[in-house]
Amino acid sequence: MDLRKFAPFAGVAVLSVSLLAGCGGSSNNAASGGSSGAACPLTSAADPGNSQAPAGVPTADKAPKLTKTSGLKIAFSQNASNNPWRLAETASMKDEAAKQGLQLTITDANNDQSKQVSDIKGLIAQKPDALFIAPITEQIANVVKDAATAGIPVFLLDRAVDTNIAVPGKDFVSVMQSDFIQEGKRAAVQMAKATNGNAKIIELEGTTGASPAIDRKKGFDEAIKQCSGMQIVVSQDGDFTRAKGQSVAETLLQSHPDATAIYAHNDEMALGAIAAIKAIGKVPGKDIQVVSVDGEKDGLKAVAAGDLYATVECSPRFGPIAFQTMTDYAAGKPVKTLIINSDQLFTKDNAADNVAKAY
Ligand code: GYE
């Protein structure tokens, strides 16, 4: 989901931070492009950093209202519990509900889209005062609309839905997420640094149709276009899990023995890929460079160990922002239809220091 869609009439989006901003000129780095002879400006670019929501994101004014301010009954449709990221998100929601003394009903779709649709239908029938949804793919937009039709304000967490179907500010109040296109761009800069701008890349994509999978690919692809020495040689769905990441990486490393890098859309798949690299007797961080997204505890340990070059943080700790946004909405304060989290970058310089705090 291009976040600029949330601000269709806005002028310049803050999003389009130039990747070349920190490049310091490319006149003297012609040597860094390697065999192709072309310089790769990303090798000397600064981390493009966080983006913010584009300017002019409207506030939600057509969504069902939330008039109760105490004793709220809240529901949360979680899409899976199959990785540390999901578990951390669920824990963060539970902690915040407990802090506020609110009742929270949670369903777990087990990474199955049809189960999530039926979970949400079941939750709608229970008439919660507010419904949080962590969508599995962008395709569950219709059931989001159903909730709005039933008069329930919906808040989307961590992934978006198809906004051609579910209208922001009407069919859902707000989506809270990281900027995945920016994450892809940040990952591309790290990959360029790891490989000096020359890489034959295997891409392990997140769950097909999930907004972070779509956008992490888009941002990375856009960025590496600037470097003729960097190409994705094959790209496949690893479903955001360690086991699938490992098995897909095993197959792709065999079919592409010339690959020199792996870009994984999350740490779990990267950790699976690292196991696959070691299994064929190659050395991660030397023969094959790996870059990913999330910043989970095992990911940070892998960075500290030199197996993973870098991981772009994508925080799962949604409880505070989710409940704050809901409370603001209940109080009649203006709530933006898109709220972007701030994330940091973990490299060998700061990974070890952050392990203890990680999930
Ligand atoms: O990166 C991944 C999780 O939707 C942002 O989903 C989230 C992603 C996260 O399963 O690890």
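Throughout this description, residue numbers start from 1 for each chain and increase along the sequence as written. A pLDDT threshold of at least 70 governs which residues receive local features in this predicted model, and a stricter bar of 80 or more applies before side-chain atom pairs are shown or counted, although totals over entire chains, interfaces and linings include all residues. Remark: hydrogens and water are excluded; side-chain values derive from all non-hydrogen atoms of the structure.

Enquirer: Hey, could you run me through the packing of aromatic side chains in this one?
Expert: To describe a pair of aromatic rings, you give the distance between the ring centres and the angle between the ring planes. What counts as a ring pair is set by centres within 6.5 Å for rings of Phe, Tyr and Trp (its six-membered ring), and what kind of pair is set by the plane angle: stacked under 30 degrees, edge-to-face over 60, tilted for all other angles. Applying the stated criterion across every chain yields a total of 5 aromatic pairs. Seen in terms of ring centroids, Phe132 and Phe155 are 5.5 Å apart; in terms of plane orientation they differ by 40 degrees. Their pairing is tilted. With a gap of 23 residues between them, Phe132 in strand β3 (residues 130-133) and Phe155 in strand β4 (residues 154-157) connect regions that are remote in the sequence. Each residue gets one of three labels from its accessible area relative to the maximum for its type: buried under 20%, exposed over 50%, partly exposed in between, using a 1.4 Å probe on protein chains only. Relative accessible area serves as the criterion here: at 0%, Phe132 is assigned to the buried category. Going along the chain from the N terminus, every DSSP run of H or I of four or more residues is numbered as a helix, and every run of E of two or more is numbered as a strand.

Enquirer: Even after reading the chapter, I still don't get the site of the ligand, so can you show me in this structure?
Expert: Close to the ligand lie Asn83, Trp85, Arg86, Asp158, Arg159, Phe180, Pro212, Arg216, Phe240, Asn266, Asp294 and Cys314, which account for all nearby residues. Pairs of N or O atoms are called polar contacts if they sit within 3.5 Å, as long as, within protein, a hydrogen donor faces a hydrogen acceptor (for residues adjacent in sequence, only side-chain-to-side-chain pairs). At a separation of 2.9 Å, an oxygen atom of the ligand approaches a polar side-chain atom of Asn266. Against a free-state accessible area of 300 Å², the protein chains account for coverage of 99% of the ligand. Lining residues are defined by having an atom within 4 Å of a point belonging to a cavity or pocket. Those points lie on a 1 Å grid over the protein atoms alone, cavities being sets where a 1.4 Å probe fits but cannot get out and pockets being open sets with protein on both sides within 12 Å along at least five of seven lines. A molecule is counted as occupying a cavity or pocket when more than half of its atoms fall within 2 Å of that pocket's grid points. Under a 2 Å grid-point criterion requiring more than half of the atoms, the pocket assigned to the ligand is the largest cavity. The set of elements that each furnish at least two residues to the shell around the ligand consists of α1 (84-99) and α5 (211-224). Summary of the distance rule: residues count as near a molecule or strand when at least one heavy atom falls within 4 Å of that molecule or strand. Note on areas: Shrake-Rupley, 1.4 Å probe, and residue coverage restricted to the protein chains presented here.

Enquirer: In this structure, what is going on with empty space enclosed by the protein? I would like to understand it.
Expert: Over the atoms a probe the size of a water molecule is rolled, and this reveals where empty space is left. Grid points are joined across faces, edges and corners, and a volume is the space filled by probe spheres set on the points. This model, assessed by the stated rule, comprises 3 cavities of 30 Å³ or more. Approximately 190 Å³ is the volume found for the largest cavity. Lining the largest cavity are 20 residues, with Asn83, Trp85, Arg86, Arg159 and Phe240 positioned closest to its centre. Taken together, the elements giving at least two residues each to the lining of the largest cavity come down to α1 and α5. In this classification, Asp, Glu, Lys and Arg are treated as charged, Ala, Val, Leu, Ile, Met, Phe, Trp, Tyr, Cys and Pro as nonpolar, and every other residue, Gly included, as polar. Among the residues forming the lining of the largest cavity, the class breakdown is 7 nonpolar, 7 polar and 6 charged. Among the domains, domain 1 (3-54 + 180-315 + 347-354) and domain 2 (73-175 + 316-343) are the pair contributing at least three residues each to the lining of the largest cavity. Note: domain ranges come from an automatic or database domain assignment.

Enquirer: Can you walk me through the state of the cysteines in this structure?
Expert: A covalent bond bridging the sulfur atoms of two cysteines is what the word disulfide describes. The disulfide definition used here is simple: a pair of cysteine sulfur atoms within 2.5 Å. This structure, assessed with the given rule, holds 1 disulfide. A sulfur-sulfur separation of 2.1 Å characterises the disulfide bridge that pairs Cys40 with Cys227. An S-S torsion of about 65 degrees defines the bridge between Cys40 and Cys227 as right-handed. Here Cys40 is found in the segment before β1 (73-78), whereas its partner Cys227 is found in the loop between α5 and β7 (230-237), with 187 residues between them in sequence. For the residue pair Cys40 and Cys227, the accessibility class agrees, reading buried in each case.

Enquirer: Before we go on, may I ask you to explain the sheet that holds strand β2 (residues 103-108) in this structure?
Expert: Picture the strands of a sheet paired through backbone hydrogen bonds; they go either parallel or antiparallel. Two strands qualify as a pair provided that DSSP identifies no fewer than 2 bridges between them. Strand order in this open sheet of 6 strands is β2-β1-β3-β4-β5-β11, and the pairing throughout is parallel. At either margin of the open sheet sits one strand with a lone partner, and together these are β2 and β11 (338-340). This sheet shows a mean twist of 20 degrees between the axes of neighbouring strands, independent of strand direction. Across 3 bridges, β4 lies against strand β5 (residues 174-177) in parallel orientation. Across the sheet, Leu156 pairs through a bridge with Val175, a residue of β5. Working rule for contacts: check all heavy atoms of both residues, and any pair within 4.5 Å makes them a contact. Helix axes use the C-alpha atoms of the stretch in contact, all axes being lines fitted to C-alpha atoms, and the angles between their N-to-C directions lie in the range 0 to 180 degrees. Helix α2 (residues 113-125) contacts β1, β2 and β3 of the sheet and is inclined by roughly 175 degrees relative to β1.

Enquirer: I tried to follow the pattern of salt bridges on my own but got confused; where do I start?
Expert: Salt bridges are counted wherever a side-chain nitrogen of Lys or Arg sits within 4 Å of a carboxyl oxygen of Asp or Glu. One pass over the structure, following the stated rule, counts 19 salt bridges. The closest approach of N and O atoms between Arg186 and Asp47, which form a salt bridge, is 2.8 Å. In this pair, Arg186 is assigned in helix α4 (residues 180-195) and Asp47 in the segment before β1, connecting sequence segments 139 residues apart. Overall, the relative accessible area of 29% leaves Asp47 in the partly exposed class.

Enquirer: How should unusual backbone geometry be read in this particular structure?
Expert: Comment: phi is negative for the bulk of residues other than glycine, and the bulk of peptide bonds are trans. Not every positive phi belongs to a glycine, and Asn196 is a case in point at roughly 55 degrees. With respect to the secondary-structure elements, Asn196 resides in the loop between α4 and β6 (199-205). For Asn196, a relative accessible area of 39% gives the class partly exposed. Even without glycine at this site, Asp239 takes up a positive phi of about 60 degrees. Relative to the assigned elements, Asp239 resides in the loop between β7 and α6 (242-255).

Enquirer: Could you clarify how one ought to interpret the domain arrangement of the protein chain in this entry?
Expert: It is common to give the size of an interface as the accessible area lost on bringing the parts into contact. Here the domain parsing of the protein chain yields domain 1 (3-54 + 180-315 + 347-354) and domain 2 (73-175 + 316-343). One C-alpha centre belongs to domain 1, the other to domain 2; they are set 28 Å apart. The contact between domain 1 and domain 2 buries some 2,000 Å² in all, and 53% of this surface belongs to carbon and sulfur atoms. Its largest share of buried area at the contact with domain 2, domain 1 owes to Phe6, Asn50 and Ser315, together 32% of the area lost on that side. Applying the counting rule to domain 1 against domain 2 returns 0 salt bridges. Run the count over domain 1 and domain 2 and you get 10 residue pairs in polar contact (both at pLDDT 80 or more). Looking at the side of domain 1 that touches domain 2, the elements with two or more residues in it are α4 and α5. When grouped by side-chain class, the residues that make up the side of domain 1 that touches domain 2 number 10 nonpolar, 10 polar and 8 charged. Two parts placed together each lose some accessible area under a 1.4 Å probe, and adding up what both lose gives the buried area.

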